[in-house]
Amino acid sequence: MAKTMVIHLRTGSMMSMDSNVAVKLARAALEKGYNVHMFGYGEGITVIKEGQDPKRFPNVGKEIGELAAKGMTVVVCETCCMARGIHRGEEVKGTKVGSLTNDFSKFIKEGDKMITIAR
Amino acid sequence: MTSILFVMLKSPHENVNLELVDELGKGSKKAALLFEDAVYYAVDKKQGKHLSEHVDEVFVMADDLAARGFKGKATGMFKEIDYPEAVDVIMERYDRTVTI
């Protein structure tokens, strides 16, 4: 059974390169055959918003959608989404608006290693 | 002996509390994994020496050094790595990660 990496992302898609680091780590881990769970919290929830169109930056939403299609599990905190006016149904296909209680706790239980990307 | 990998994203010129590494890492083997502006530790002699006093090993993301004009410039104990090796360090070589 492949090991699982949990990526806990707390930085927004446009604030710094943090979300790009998270995406590159996730891609490398998937390519090495690991399972990958990503949980977005605080500003980290912004990565799943569909329709992101950054003119001159990597499109993290698109990349996360691609990695979700390759098997990465992506969940973000609903409370943090609502605080920022993002609602269920506005997430990138293959990702989920969930919760600390149900999803993040499960990720931590299932995960072999966790890395937090935060400032 | 347990081992802890300290993940660092911030520049040495921001407020980075390396005493945390000593506190959290007491009695463990300690390494640092440098992303983004934290890679400046690898090319700033004074800051690099300061970090080296707190950890046993340092990994530096080659991508981030190159993005900042320092491709291949890491010296001494600073080992340049790519993303596949970063995954290996996280998943296989250290017991857990702490982000500071």
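What comes next concerns the included structure. (Residues numbered from 1 in each chain as written. Chains lettered and ligands numbered in written order. Predicted model: local features only at pLDDT ≥ 70, side-chain atom pairs only at ≥ 80, totals over all residues. Heavy atoms only, no water.)

Formed by 52 residues in total, the largest nonpolar core has its most connected members in Ile7, Leu25 and Ile117 of chain A together with Phe35 of chain B. The element contributing the most residues to this core is helix α1 (residues 18-31) of chain A, with eight residues. Non-local contacts of isoleucine 117 of chain A, meaning those with residues more than four positions away in its chain, are made with Ile7, His8, Leu9, Arg10, Thr11, Asp18, Val21, Ala22 and Leu25 of chain A together with Leu9 of chain B. By size, the runner-up hydrophobic cluster in this structure holds 20 residues, among which are Val21, Val39, Val55 and Leu65 of chain B. (Core = buried A, V, L, I, M, F, W, Y, C linked by side-chain atoms within 4.5 Å. Buried < 20%, exposed > 50% of the residue type's maximum accessible area, 1.4 Å probe, protein only. Helix = DSSP H or I, 4+ residues; strand = E, 2+ residues; numbered from the N terminus. Contact = heavy atoms within 4.5 Å.)

Here the focus is the pairing of strand β4 (residues 78-81) of chain B. All names here are of chain B. With four bridges joining them, strand β3 (residues 57-61) and β4 adopt parallel strand pairing. Pairing of valine 60 across the sheet is with glutamate 80, part of β4. Between β3 and its parallel partner β4, the chain crosses via helix α3 (residues 62-67), and the hand of that crossover is right-handed. (Pairing = 2+ DSSP bridges. Right-handed = clockwise from strand over helix to strand, strands pointing away.)

All names here are of chain A. The strand order across the open sheet formed by five strands is β4-β3-β2-β1-β5, and the pairing between neighbours is parallel. Among the strands making up the open sheet, the edge pair consists of β4 (95-98) and β5 (113-117). Adjacent strand axes in the sheet meet at a mean angle of 20°, parallel and antiparallel pairs treated alike. Pairing of strand β2 (residues 35-40) with strand β3 (residues 73-77) involves four bridges; the strand directions are parallel. Counterpart to histidine 37 in the pairing with β3 is threonine 73. (Axes fitted to C-alpha atoms, helices over the stretch in contact; angles between N-to-C directions.)

Turning next to the packing of α1 of chain A against helix α4 (residues 83-93) of chain B. The contact between α1 of chain A and α4 of chain B brings their axes to 8 Å, and the two run at 80°. Considering their axes alone, α1 of chain A and α4 of chain B lie roughly perpendicular with respect to each other. Mapping the contact onto sequence places Val21, Lys24, Leu25, Ala28 and Ala29 of chain A in α1 of chain A and Tyr83, Pro84, Ala86, Val87 and Ile90 of chain B in α4 of chain B. Across the contact of α1 of chain A with α4 of chain B, the residue classes tally to nine nonpolar, no polar and one charged. (Parallel < 35°, antiparallel > 145°, perpendicular 65-115°, else oblique. Nonpolar A, V, L, I, M, F, W, Y, C, P; charged D, E, K, R; others polar.)

Here we come to the packing of α1 of chain A against helix α2 (residues 60-69) of chain A. Residues and elements named next belong to chain A. At their nearest, the axes of α1 and α2 sit 10 Å apart, and the two run at 20° to each other. As judged from the angle between their axes, α1 and α2 are roughly parallel. The chirality of how α1 crosses α2 is left-handed. Here Ser19, Asn20, Val23, Ala26, Arg27 and Leu30 of α1 lie close against α2, whose contacting residues are Val60, Glu63, Ile64 and Leu67. For the contact of α1 with α2, a count of residues per class yields six nonpolar, two polar and two charged. (Left-handed = near helix turned anticlockwise from the far one by under 90°.)

Residue and element names in this part refer to chain B. Ordered in space as β4-β3-β2-β1-β5, the five strands form an open sheet in which the pairing is parallel. The outermost strands of the open sheet, each flanked by one partner alone, are β4 and β5 (96-99). On average, adjacent strands in this sheet sit at an angle of 25° to one another, irrespective of strand direction. Its contacts with the sheet put α4 on β1 (3-8), β2 (29-34), β3, β4 and β5, and the angle it makes with β3 is roughly 145°.

Let us now look at the interface of chain A and chain B. At the junction of the two partners, chain A supplies 21 residues and chain B supplies 19 residues. Between chain A and chain B, roughly 1,800 Å² of surface is buried when both sides are summed, and carbon and sulfur atoms account for 62% of that area. Remark: the boundary between chain A and chain B carries three salt bridges. Among the salt bridges present, the one from lysine 3 of chain A reaches glutamate 92 of chain B, with a minimum N-O distance of 2.8 Å. Where chain A packs against chain B, one counts eleven residue pairs in polar contact (both at pLDDT 80 or more). Elements that contribute at least two residues to the side of chain A that touches chain B include exactly β1 (4-9), α1 and β5 of chain A. Here the side of chain A that touches chain B is composed, by residue class, of eleven nonpolar, three polar and seven charged. (Buried area = accessible area lost by both parts, 1.4 Å probe. Salt bridge = Lys/Arg side-chain N within 4 Å of Asp/Glu carboxyl O. Polar contact = N/O pair within 3.5 Å; in protein donor to acceptor, adjacent residues only side chain to side chain.)

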